[in-house]
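# Structural description and commentary
So the chains spell out like this:
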Amino acid sequence: MTQRTPSPTDHQLPARRPLDEIGEPLDQEARPGPSGWWFGLLALLPIVCCGLPLLLAAGLTAGSGAVLGGVTGSVLMLGAAVVLAIWGFQRRARSVRTADPSTATTRSGDKCC
């Protein structure tokens, strides 16, 4: 009879894998490693926190400026039209008064009655 001589690996205990919460072995290869996509999102954080409010404020300012500018321009144009109309009516009335012979005064003594 021959006896088998044990090898050094026979005396080692089988390797045990760590267990998760329910007692099943964790598969280390199945767990994903840290990826770099979150680092890109982290780079967008200052843009979202600082740039977006500034863009919104600029848009609101430009929009309100356009509305207020349009209203102000309309009021100024209406005021200018009213001033020109009054000036034109006064000029026309003055020219009619000077051209009307009944209102013209003469310095000569040839007046009738």
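For the structure given in this document, a descriptive report is provided here.

## Some words on the state of the cysteines
As enumerated under the stated definition, the model contains zero disulfides in all. Cys 49 takes part in no disulfide bond, and the closest cysteine sulfur, belonging to Cys 50, lies 6.2 Å away.

## Overview of helix α1 (residues 37–99)
The first and last C-alpha atoms of α1 sit 89 Å apart over 63 residues, in line with the 93 Å expected at 1.5 Å per residue. Within α1, the axis deviates most sharply at Gly 51, by approximately 35°, and proline Pro 53 lies no more than four positions further along.

## Things to note about a nonpolar patch on the surface
A cluster of nonpolar side chains, namely Trp 37, Trp 38, Phe 39, Leu 41, Leu 42, Leu 44, Leu 45, Ile 47, Val 48, Leu 52 and Leu 56, defines an oily patch on the protein surface of about 1200 Å² accessible area. Within the secondary structure, Leu 41 sits in helix α1.

Reading guide: rules and limits
- Residues numbered from 1 in each chain as written.
- Predicted model: local features only at pLDDT ≥ 70, side-chain atom pairs only at ≥ 80, totals over all residues.
- Heavy atoms only, no water.
- Disulfide = S-S within 2.5 Å.
- Helix = DSSP H or I, 4+ residues; strand = E, 2+ residues; numbered from the N terminus.
- Expected span 1.5 Å × (residues − 1).
- Bend = angle between axes of the 7 residues up to and from the residue.
- Patch = residues over 30% accessible without salt bridge, like charges linked within 9 Å, V, L, I, M, F, W, Y side chains within 5 Å.
- Areas by Shrake-Rupley, 256 points an atom, 1.4 Å probe, with all protein chains shown as cover.
- Salt bridge = Lys/Arg side-chain N within 4 Å of Asp/Glu carboxyl O.

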